[in-house]
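Architecture at a glance
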Amino acid sequence: MGVRFKHCGFLVIGLSWALALLVLPAAQIAHAATFTVNTTNDTVDANPGDGICADANGACSLRAAIREANALTGTDTVTVPAGVYTLTIAGAGEQQNATGDLDIRSSLDLVGAGAASTIIQAGSSGGVSGDGIDRVLEVIGAITVNISDVTIRYGRLGSGAAGDGLSISSGGVVTLDECIVADNYVASTNFGGGGIFLFAGSLTIDNSALVGNVHGNIGGGVFNDNGNPAIANAVIINNSTFSANSSGQGGAIASDGPLTLSNSTFYGNSATTGGDIANNASTVTLQNSILAASSGGACTGFAGTSTNNLVSDGSCGIAANAATNLDSTLANNGGQTPTHALLTSSNAIDAGASNCPDNTATPLVRDQRNYARPAGAGCDIGAFEANSTPLAVQLASFEATNARDHVLIAWETVSELNNLGFNLYRGQTPDAPEAWLAFVPAQSPGSAPGAIYRWMDAGVAAGETYHYWLEDIDLSGAATLHGPVSVTHEGPTAVAVTGFTAAGKPSVLPALAALAAGLGVALAWSKRRLRPS
């Protein structure tokens, strides 16, 4: 008696389905990837979208890393070590990241090794005689992009150009932290934004310096062209310095939309009108800031609130009250970005709000350089805190993420000065910590280099939202609280696959699981359909 297989099509279908999953592109398997750049050359990715950052020689360039990240879903990370990364592939106007500027089209964390050491530039020189081939960075689409610890410089475009350092043109939410945007040049008398241009979306600048940027029309440092009244704070600036930027209107900043500035220093900016700030039919919130030595008047069109500021003239909503003993030299006074220091007996010292509020009224615990605030009876006005010392710990990241049966809390430090370790806390609301979870010792107590830490919280329930705080403790016992970060625990699922990244060759484990499932389905159908003849 033979055996005849009826409905063999089920076996074929099951095998086909499983094999199709086996060869799914990496972009469909991976959710968030980390790419580490390992060459300063400007080269294209050899096979865009395959999940592997590699040019023709197998190296991962900055352009190739961004091109691969653009092809993936989720918020990917591109890590850029110390070095000078010069764009050399000419072709302005192209928007797929193949030529000219670096086009970011998917949510991304772009992380350098420090603004003083990781430099991304569009040419080898800036200014009126610069040789930049295009702007430096462009954010395209309603995505979230965080850029930290890099210098963006030497962007150069011709007529009708905007944002030669960075352009945000279509709804992106962008944050710059500990960055330098410098020596970007636009001769055009159209559009605006020599350093940064925002058309739609929002921009936050923290702990950064915008220096020597030029636009022939409007907004030498920043042009906020987002006049959407539904966005309460289109541009937010905290703890930052604007120095020697220039334009026809708004040497440092020109704004057509809501603008909030806290604890920042403006020095030596120039324009025909509004050397520091040109406001056009919108509102400005200015607090704890210095506007000094500007050409063309400090402000024009100012409308809004002005609190605890020192301004060289009466154009910014308050009577003239110039800052004294402010160093006119922009210098490395500590940290990764340059500042104008407050000298002895400056009237800016201890003259700001006592709790150093940012735009959300949250106290600032540091100045632009990552030195502690306040150092005296009150917060100093401007981006520089006099008579202060560096904070024990500077965080690069702090996050809480779901795992199968726990929440993973992870943090990375850029530097640790005299650090003893960390207290980890949890709460059911974001208002304040409720429970102490653990003390995590510093990996090298008292040393300066940064490190990576992870801790698992297994005492969580599915469907609950948890908020976590991190408190660093220095060797003297002084403590600084960070957070909160929040996560809703999803709990275990029938099948959990974690830890995939597209930084190298994609893992085949998910596809093998699918293959096994497909074979199981196919064989089950075949067994049911076996018939003796």
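Attention in this report is confined to the structure presented alongside it.

This next bit is on unusual backbone geometry. Cis geometry marks the peptide bond from arginine 373 to proline 374, where omega comes out at -20°. Along the chain, proline 374 falls in the loop between β33 (310-311) and β34 (393-402). Backbone torsion omega between glycine 483 and proline 484 reads 10°, so that peptide bond is classified as cis. Relative to the assigned elements, proline 484 resides in strand β40 (residues 479-488). Phi is positive for aspartate 350, close to 60°, though the residue is something other than glycine. Relative to the helices and strands, aspartate 350 is located in the loop between β33 and β34. Looking at aspartate 350, the relative accessible area reads 35%, which means it is partly exposed.

Here we come to the pairing of β34. In terms of strand pairing, β34 meets strand β35 (residues 407-416) through 9 bridges, oriented antiparallel. For alanine 400, the partnering residue across the bridge sits in β35 and is isoleucine 409. Between β34 and β35, which pair antiparallel in sequence order, lie 4 residues.

Evaluation of the coordinates by the stated rule reveals 2 disulfides. One disulfide bridge connects cysteine 53 with cysteine 60, the sulfur atoms lying 2.0 Å from each other. Taking the torsion about the sulfur-sulfur bond, which here is approximately 95°, the covalent link between cysteine 53 and cysteine 60 counts as right-handed. Residues cysteine 53 and cysteine 60 agree in their burial class; the two are buried. Between the sulfur atoms of cysteine 299 and its disulfide mate cysteine 316 the distance is 2.0 Å. Taking the torsion about the S-S bond as the criterion, the cysteine 299 to cysteine 316 disulfide, at about 95°, is right-handed. You can see cysteine 299 sitting in strand β31 (residues 299-300) and its partner cysteine 316 sitting in the loop between β33 and β34, a full 17 residues away along the chain. Along the protein chain, the cysteines that take part in disulfide bonds pair up as 1-2, 3-4, counted in sequence order.

Here the second largest pocket defines a volume of roughly 230 Å³. If you trace the second largest pocket, you find 15 residues lining it, with Gly335, Arg369, Asn370, Gln394 and Ser415 closest to the centre. The class makeup of the residues in the lining of the second largest pocket is 7 nonpolar, 6 polar and 2 charged.

Residues aspartate 350 and proline 374, 24 residues apart in the sequence, show an inter-C-alpha distance of 7.9 Å. Among all residues touching aspartate 350, those that are not within four sequence positions of it are Gly376, Ala377, Gly378, Cys379 and Asp380.

Within the open sheet, the 5 strands sit side by side as β11-β15-β19-β23-β27. Their pairing is parallel. The sheet is open, and its two borders are formed by β11 (156-157) and β27 (270-273), each paired with just one other strand. Of the pairings in the sheet, the one linking β11 to strand β15 (residues 185-186) comprises 2 bridges and is parallel in character. Residue pairing in the sheet places leucine 157 in a bridge with valine 186 of β15.

As a further point, take the pattern of salt bridges. Counting across every chain of the model gives 7 salt bridges. For arginine 135, the salt bridge goes to aspartate 101, with nearest N and O atoms at 3.5 Å. Placement of the pair is arginine 135 in the loop between β7 (118-121) and β8 (137-139) and aspartate 101 in the loop between β4 (83-86) and β5 (102-104), with a sequence separation of 34 residues. Across the pair, aspartate 101 and arginine 135 agree in class, each one buried. Through salt bridges with shared partners, a single ionic network connects Asp101, Arg135 and Glu138.

One finds Leu62, Ile196 and Leu203 to be the most contacted residues of the largest nonpolar core, which totals 59 residues. With 5 residues, the top contributor of residues to this core is helix α3 (residues 62-70). Discounting chain neighbours no more than four positions away, the residues touching leucine 203 are Ile168, Val174, Leu176, Ile196, Leu198, Val222, Ala234, Val235 and Ile236. Counting residues in hydrophobic clusters, the runner-up holds 20 residues, among them Val407, Leu424, Ala442 and Val485.

Below, the discussion takes up a nonpolar patch on the surface. Judged by side-chain polarity, Leu420, Trp436, Phe439 and Leu475 come together as a nonpolar surface patch covering roughly 410 Å² of accessible area. Mapping leucine 475 onto the fold places it in the loop between β39 (465-474) and β40.

As a further point, take the sheet that holds β34. Sheet architecture is open: 3 strands sit in the order β34-β35-β38, paired in antiparallel fashion. Strands with a single pairing partner mark the edges of an open sheet, and in this sheet they are β34 and β38 (452-457). The sheet shows a mean angle of 15° between the axes of neighbouring strands, taken without regard to direction. In this structure, β35 lies alongside β38, joined through 6 bridges in antiparallel fashion.

Rules used throughout
Residues numbered from 1 in each chain as written. Predicted model: local features only at pLDDT ≥ 70, side-chain atom pairs only at ≥ 80, totals over all residues. Heavy atoms only, no water. Helix = DSSP H or I, 4+ residues; strand = E, 2+ residues; numbered from the N terminus. Buried < 20%, exposed > 50% of the residue type's maximum accessible area, 1.4 Å probe, protein only. Pairing = 2+ DSSP bridges. Disulfide = S-S within 2.5 Å. 1 Å grid on protein atoms, 1.4 Å probe; cavity = no way out; pocket = protein on both sides within 12 Å on 5 of 7 lines; lining within 4 Å. Points joined across faces, edges and corners; volume = space filled by probe spheres on them. Nonpolar A, V, L, I, M, F, W, Y, C, P; charged D, E, K, R; others polar. Contact = heavy atoms within 4.5 Å. Salt bridge = Lys/Arg side-chain N within 4 Å of Asp/Glu carboxyl O. Core = buried A, V, L, I, M, F, W, Y, C linked by side-chain atoms within 4.5 Å. Patch = residues over 30% accessible without salt bridge, like charges linked within 9 Å, V, L, I, M, F, W, Y side chains within 5 Å. Areas by Shrake-Rupley, 256 points an atom, 1.4 Å probe, with all protein chains shown as cover. Axes fitted to C-alpha atoms, helices over the stretch in contact; angles between N-to-C directions.

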